[in-house]
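Single-letter residue listing:
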Amino acid sequence: MAVYLLHLLTLGCILAIAVVSLQLLVSTTGLLSVAHAVFLGIGAYAAGIGVTLWHFTAIGEIGLAIVCASIISLMVSVPSLRLREDYFAISTFGLQMIASGVLLNWMPVTNGPLGIGGIGQLSIGGFSVKSSYPFFLLVLFICSVAVVIAESINASRYGLILRAIRSDELFAQSLGKRTLWFKVKIVALSAVLTSIAGVLYAHFLTYIDPSSFSLMDSVQVLSMVVIGGTRPLGAVAGTMILVLLPEALRFLGLPAALAANIRQVLYGVLIVVVVAFRPRGIFSFHERTAA
Amino acid sequence: MWHQLLINGLIAGSALGLLAASFAIIYQTARFFHFAHASIYTLAAYLTYLFSRTLGLPFVVSIAASVSLTALAGWLLYVTTYLPIARRNASSTSLLLVSLGLMVALQNIIAMAFGSELKTLPYQPVGRAISIGSALITWVQITSIACSLATLVVLAALLRFTRIGLSLRSVADNAELALIIGVEPYKVTAFAFALGSALAGVSSVLASFDTGLTPTMGFNALLMAVVAVVIGGVGSIPGALLGGLGIGMIRNLAVAAIPTAWIDSLVFVILIGFLLLRPHGMLGEAPARR
């Protein structure tokens, strides 16, 4: 039981890093990404490929993840952020579909649907994180760092400018702010933080395949943000709720296939209910877009 | 071979154009991306399956019943879910989020009710074929194109010549002004949801003859339709049709050039290209740039 709980908590903390990063993006800019599982996947594949092919250590893996995640985030953010905010969601949809296609079909690099196995432990400067308890502490530490980063950006001048852009972009531009550049930076930061969670994810599972980084996983991250609300610690709480709650289904003895569906229905319904009944707690951008 | 690819493109394109137009009608009045349209599309196919295969009703009756029920379902989604949330002055982003939640929930409910495996309608899609040039086309495919075209003609007439069509266009043009002259935007939007859902239902039934039914069929089709709407020009119904036809053509012609597994990726590369170079699409009105 203790092992099982430790497993869930570790998984929860890894996901929470991704959720905190998406929450940072949503709360400062109001932009919705339906592709955060892709950035998780970029980190995971950077780790998987880095370790199995080139015997990278943690620094190399994280470096590779950061480079790939920021380049790909630019490919999405630069074209769409010049347009109305809905287009960002559409482009991330596009990214999600392209990424799923690439992971499944680019056999020489991603090994397609078979995935990458035998990823093993994370090694940092000659030490490898062997057992699951130290690994949990490491994940918990990185998760706390993510929360601190998010909180300090929220409180910073940069966070203030982003919120100003969200409420009136034209006005922010009139004050001489290069609004596109500010938004592109926060998208990249969010993507990079998520890809670091992906590196941890690969070492946690030691086996990765495209099915863990699908659209449904992106929606799952998004629903955790919605449940969690506008503060980083809320996002962590939202993640833990949505990681632990479906585990209760396991004890009802449902068939596995049905349980997966019920879990998805739960995520979907929770999104609708929270937006309908607790909108101010969840999103603070409730001014109507000019109709 | 080119003839065959062109004809396949035309078939896929006309069904996709219909779905894209149905999505555009809803977007024009509601002003948010209604992703749960994917589940409405899937629902129509499964209702037809239920009526024809499980209950054994005659074919035309099952299609008519499922298209009407689909229209009702779309109307209900708007009236019971979107409208109360929109009335609290929610942004289009929160409505998009709600539509995503609805899409995921409904898709999985359909999967639980009918199972995730591929199903087919009780009908022989193979049948006799006629040849045009070097290409073969079956009567089912001809009927399918004819149905799409007929539906679009009816739709155009409805929008052009009827009172409700006029109200719909006025709300799409300027909702506040429409309110001033006594058109109630909420009622018109509810009608647009019913109409759009019915059209999606027709498109879905036509497509399910060809490719069968799975719970994710709506999602895959809608993604293509959204791309069609964006490259055609958001807010333009002819644009959506043209976009749908274009995407259908490209997907089929690309078969000759690249492995089929990469075609979906190609479509989204085209989407990103349009967002970058021509964000208002082929026939869109004002650029959405700000």
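Because the structure is predicted, anything quoted here is derived from the model rather than measured. (Residues numbered from 1 in each chain as written. Chains lettered and ligands numbered in written order. Predicted model: local features only at pLDDT ≥ 70, side-chain atom pairs only at ≥ 80, totals over all residues.)

(A) Broad picture of the overall build of chain A. The helix and strand tally for chain A stands at 13 helices and two strands. Against the globule reference of 19 Å for 291 residues, chain A gives a C-alpha radius of gyration of 19 Å, in line with a compact fold. Counting only C-alpha atoms, chain A reaches 55 × 45 × 35 Å along its principal axes. In chain A, which comprises 291 residues, the share counted as buried stands at 48%. Put simply, of all contacts in chain A between residues at least 6 apart along the chain, 76% involve residues at least 24 apart. (Helix = DSSP H or I, 4+ residues; strand = E, 2+ residues; numbered from the N terminus. Rg over C-alpha atoms; globule rule 2.2 N^0.38 Å. Buried ≥ 20, exposed ≤ 12 C-beta atoms within 10 Å, placed from the backbone. Contact = placed C-beta atoms within 7 Å.)

(B) How the structure looks around the overall build of chain B. Tallying secondary structure elements over chain B gives 11 helices and two strands in all. Taken from N to C terminus, the helices and strands of chain B fall in the order α-α-α-α-β-β-α-α-α-α-α-α-α. For chain B, the C-alpha atoms occupy an extent of roughly 55 × 50 × 35 Å along the three principal directions. By the burial criterion, 52% of the 290 residues in chain B qualify as buried.

(C) Highlighting the interface of chain A and chain B. Each partner contributes residues to the interface: chain A has 43 residues there, and chain B has 42 residues. Looking at the side of chain A that touches chain B, the elements with two or more residues in it are α3 (58-81), α4 (86-105), α8 (169-174), α10 (215-228) and α12 (256-277) of chain A. At 12 residues, α4(A) tops the list of elements feeding residues into the side of chain A that touches chain B. Among the residues forming the side of chain A that touches chain B, the class breakdown is 25 nonpolar, 11 polar and seven charged. (Nonpolar A, V, L, I, M, F, W, Y, C, P; charged D, E, K, R; others polar.)

(D) Representation of the packing of helix α9 (residues 217-232) of chain B against helix α10 (residues 237-253) of chain B in the model. All names here are of chain B. The N-to-C vectors of α9 and α10 enclose an angle of 120°; their axes lie 7 Å apart at closest approach. In terms of their interaxial angle, α9 and α10 are classed as oblique. As for the relative orientation of α9 and α10, their crossing is right-handed in sense. When α9 is examined against α10, the residues Met224, Ala225, Val227, Ala228, Val229, Ile231 and Gly232 are found in contact with a partner set consisting of Gly239, Ala240, Leu242, Gly243, Gly244, Gly246 and Ile247. (Axes fitted to C-alpha atoms, helices over the stretch in contact; angles between N-to-C directions. Parallel < 35°, antiparallel > 145°, perpendicular 65-115°, else oblique. Left-handed = near helix turned anticlockwise from the far one by under 90°.)

(E) Representation of the pairing of strand β2 (residues 135-138) of chain B in the model. Residue and element names in this part refer to chain B. As paired strands, strand β1 (residues 129-132) and β2 are joined by four bridges and run antiparallel to one another. Residue Ile132 lies in a different strand from β2, and its bridge partner there is Ala135. Taken together, β1 and the strand that follows it, β2, pair antiparallel across an intervening segment of two residues, in which Gly133 is found at a positive phi of about 60°. (Pairing = 2+ DSSP bridges.)

(F) Layout of the nonpolar core. Residues and elements named next belong to chain B. Of all hydrophobic cores here, the largest spans 184 residues; its most connected members are Ala20, Ala225, Val227 and Val229. Counting residues per element, this core draws most heavily on helix α8 (residues 185-211), which supplies 15 residues. Leaving out residues up to four positions away in the same chain, Ala225 has contacts with Leu16, Leu19, Ala20, Phe23 and Gly244. (Core = buried A, V, L, I, M, F, W, Y, C linked by C-beta atoms within 7 Å.)

(G) Looking closely at the confidence of the model for chain A. Residue and element names in this part refer to chain A. Across chain A, the average pLDDT comes to 82, with 93% of residues at or above 70. In the model of chain A, helix α13 (residues 279-282) stands out as the element of lowest mean pLDDT, 53, in contrast to helix α9 (residues 179-205), which has the highest, 90. Across residues 281-291 the pLDDT falls below 50, and counting only partners more than four positions away or on other chains, this stretch makes 26 contacts in the model. (pLDDT = per-residue confidence, 0-100.)

(H) View of the environment of Tyr78(B). Residue and element names in this part refer to chain B. Inspection of the secondary structure puts Tyr78 in helix α3 (residues 59-87). We classify Tyr78 as buried; it has 25 C-beta atoms within 10 Å. For the pair Tyr78 and Ala198, spaced 120 residues apart in sequence, the C-alpha to C-alpha distance is 14 Å. Those residues in contact with Tyr78, other than ones at most four positions away along the chain, are Leu83, Thr189, Ala190 and Phe193.

(I) Inspection of α9(A) at higher detail. All names here are of chain A. In a regular helix each residue adds 1.5 Å, so 27 residues correspond to 39 Å; α9 covers 39 Å between its end C-alpha atoms and thus fits that length. When you tally the buried positions in α9, you get 20 out of 27 residues, the bulk of the element. Phi for Thr206, located one or two positions after α9, is positive at around 60°. (Expected span 1.5 Å × (residues − 1).)

(J) Highlighting the environment of Val187(A). Residue and element names in this part refer to chain A. Counting through the fold element by element, Val187 comes out in helix α9. A count of 23 C-beta atoms within 10 Å places Val187 in the buried class. Remark: the alpha-carbon pair of Val187 and Phe93, spanning 94 residues in sequence, is separated by 15 Å. Setting aside its immediate chain neighbours within four residues, Val187 contacts Leu25, Ser73 and Ser77.

(K) Inspection of helix α2 (residues 37-54) of chain B at higher detail. All names here are of chain B. Spanning 18 residues, α2 covers 25 Å between terminal C-alpha atoms, matching the ideal 26 Å at 1.5 Å per step. Taken across its 18 residues, α2 has 15 buried, putting it largely inside the fold. Note on α2: the residue one or two positions beyond its end, Gly56, has a positive phi of about 70°.

(L) Spotlight on unusual backbone geometry. Even without being glycine, Thr206(A) reaches a positive phi, approximately 60°. Here the phi dihedral of Arg31(B) falls at roughly 65°; this positive angle occurs in a residue that is not glycine. Note that Arg31(B) resides in the loop between α1 (2-30) and α2.

(M) View of the environment of Ser204(B). All names here are of chain B. Within the secondary structure, Ser204 is located in helix α8. Sequence separation of Ser204 and Ser265 is 61 residues, and the distance between their C-alpha atoms is 23 Å. Apart from the residues within four sequence positions on either side, Ser204 is in contact with Tyr41, Thr42, Ala44 and Ala45.

(N) Spatial organisation of the confidence of the model for chain B. Counting all residues, the mean pLDDT for chain B is 85, and 94% of those residues have values of 70 or more. Overall fold confidence for the complex sits at a pTM of 0.84, while the interface term, ipTM, reaches 0.82.

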